[in-house]
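This is what each chain is made of:
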Amino acid sequence: MNDTHDAPPSSPLRRRLLMGVPLAGAAIVGVGFARMLSGMQKGSFDPHRINTPVINRPVPDFTLAAQPPGTGFSAQDLRAMTKPVLVNFFASWCIPCLAEMPVLMTIKKDIELWGIAYKDRPENAEGFLRHSGNPYTRIGSDREGRTGIDWGISGVPESFLVTPGGIIRWHTATPLAPDILQTTLLPLLAKLNSP
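Definitions and cut-offs
Residues numbered from 1 in each chain as written. Predicted model: local features only at pLDDT ≥ 70, side-chain atom pairs only at ≥ 80, totals over all residues. Heavy atoms only, no water. Helix = DSSP H or I, 4+ residues; strand = E, 2+ residues; numbered from the N terminus. Buried < 20%, exposed > 50% of the residue type's maximum accessible area, 1.4 Å probe, protein only. Salt bridge = Lys/Arg side-chain N within 4 Å of Asp/Glu carboxyl O. Disulfide = S-S within 2.5 Å. Phe/Tyr/Trp six-rings, centres within 6.5 Å; stacked < 30°, edge-to-face > 60°. Lys NZ or Arg CZ within 6 Å of the ring centre and 35° of its normal. Core = buried A, V, L, I, M, F, W, Y, C linked by side-chain atoms within 4.5 Å. Contact = heavy atoms within 4.5 Å. Bend = angle between axes of the 7 residues up to and from the residue. Pairing = 2+ DSSP bridges.

Draft legend 1. How the structure looks around the overall build of the protein. Counting its secondary structure elements, the protein contains six helices and eight strands. Counting all 195 residues of the protein, 37% fall into the buried class.

Draft legend 2. Structural view of the pattern of salt bridges. Evaluated as defined, the whole model comprises four salt bridges. Here Arg-79 and Asp-61 are joined by a salt bridge, their closest N and O atoms 2.7 Å apart. Residue Arg-79 is located in helix H2 (residues 75-79), and its partner Asp-61 is located in the loop between strand E1 (57-58) and strand E2 (63-66); the two are separated by 18 residues in the primary sequence. Assessed through its relative accessible area of 27%, Arg-79 is described here as partly exposed. The class of Asp-61 is exposed, set by a relative accessible area of 59%. Note that Arg-138 and Asp-77 form a salt bridge whose closest N and O atoms lie 3.7 Å from each other. Of this pair, Arg-138 sits in strand E6 (residues 138-142) while Asp-77 sits in helix H2, and the two are 61 residues apart along the sequence. The partly exposed category is assigned to Asp-77, whose relative accessible area is 25%.

Draft legend 3. Just the state of the cysteines, in detail. One pass over the structure, following the stated rule, counts one disulfide. One disulfide in the model links Cys-94 with Cys-97; its S-S distance is 2.4 Å. The disulfide joining Cys-94 to Cys-97 has a torsion of about 85 degrees about its S-S bond and is therefore right-handed. Cys-97 sits in the buried class, given a relative accessible area of 0%.

Draft legend 4. Inspection of the environment of Glu-144 at higher detail. With respect to the helices, strands and loops of the structure, Glu-144 is situated in the loop between E6 and helix H5 (146-151). Residues Glu-144 and Asp-120 lie 24 residues apart in sequence; the distance between their C-alpha atoms is 8.2 Å.

Draft legend 5. Structural detail: the packing of aromatic side chains. Here the structure, examined in full by the defined rule, presents nine aromatic pairs. Judged by centre distance (5.9 Å) and plane angle (70 degrees), the rings of Phe-89 and Phe-160 are edge-to-face. Of this pair, Phe-89 sits in strand E4 (residues 85-90) while Phe-160 sits in strand E7 (residues 158-163), and the two are 71 residues apart along the sequence. Linked through ring pairs, Phe-62, Phe-73, Phe-89, Trp-114, Tyr-118, Trp-151 and Phe-160 together constitute an aromatic cluster. Arg-138 extends its terminal NZ or CZ atom over the ring of Trp-114, reaching a point 5.1 Å from the ring centre.

Draft legend 6. Looking closely at the nonpolar core. Counting residues in hydrophobic clusters, the biggest one holds 44 residues, and the most contacted among them are Leu-78, Phe-89, Phe-90 and Trp-151. Among the elements of the structure, H2, E4, helix H3 (95-107), strand E5 (112-118), helix H4 (122-132), E7, strand E8 (167-172) and helix H6 (178-193) are those that each provide at least two residues to this core. With residues up to four places along the chain from it excluded, the contact list for Phe-89 reads Ile-116, Tyr-118, Asp-142, Thr-147, Gly-148, Trp-151, Ile-153, Val-156, Pro-157, Glu-158 and Phe-160.

Draft legend 7. Layout of H6. The sharpest bend along H6 comes to roughly 35 degrees, located at Leu-185, with the proline Pro-187 sitting one to four residues further on. Those residues of H6 lying buried are Ile-180, Leu-181, Leu-185 and Leu-189. On its buried side, H6 packs onto E4, H3, E7 and E8.

Draft legend 8. Expanded view of the pairing of E8. The buried count for E8 comes to five of six residues, which makes it a mostly enclosed element. Where E1 lies against E8, two bridges are found, and the strand directions are antiparallel. Note on E8: the bridge partner recorded for Arg-57 is Ile-168. With five bridges connecting them, E7 and E8 associate as antiparallel partners. Looking at the pairing, Leu-161 lines up with Trp-170 of E8. From the end of E7 to the start of E8, which pair antiparallel, there are three residues, and Gly-165 there has a positive phi angle of about 95 degrees.

Listed below in structure tokens is the structure:
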């Protein structure tokens, strides 16, 4: 006796629906890509500009272990600060992070910098800072990337200006460069520090 059961025949409508799902997905992606290219040609699409829903909101709750050679920190530490702090996500495997380091070394005289080593092995991040210079007052290790997710980062490097009380006032998803400092960050700091 044969216990093998034949699979019930699938309906033609079901087969068409199953075949249509990937095609519909490809069409949506294609339309999005075409709109992006069109925007780039017109000069209205900036791939570095992202929606930043964290602006003017409190820092998310987090606690980070120390990343040598620094000391770890938490959301509570940022909330307790009496001056603005620039929080910078970086990684040893990130080439733009290396390019950004000279700018961070320059700006550390204007604002306190706290670093977060994102999805990085502690020994690799420590070697990176030893090689490129260490602009950070405090450094936390986000080995699993959970804090980065809570902050809403899309990659590294990313920087957040946090004001007293732990409120995020500014964010960039691009490496800091001299023009960003001169046209955006330093004027904002001057405005925040004026009585």
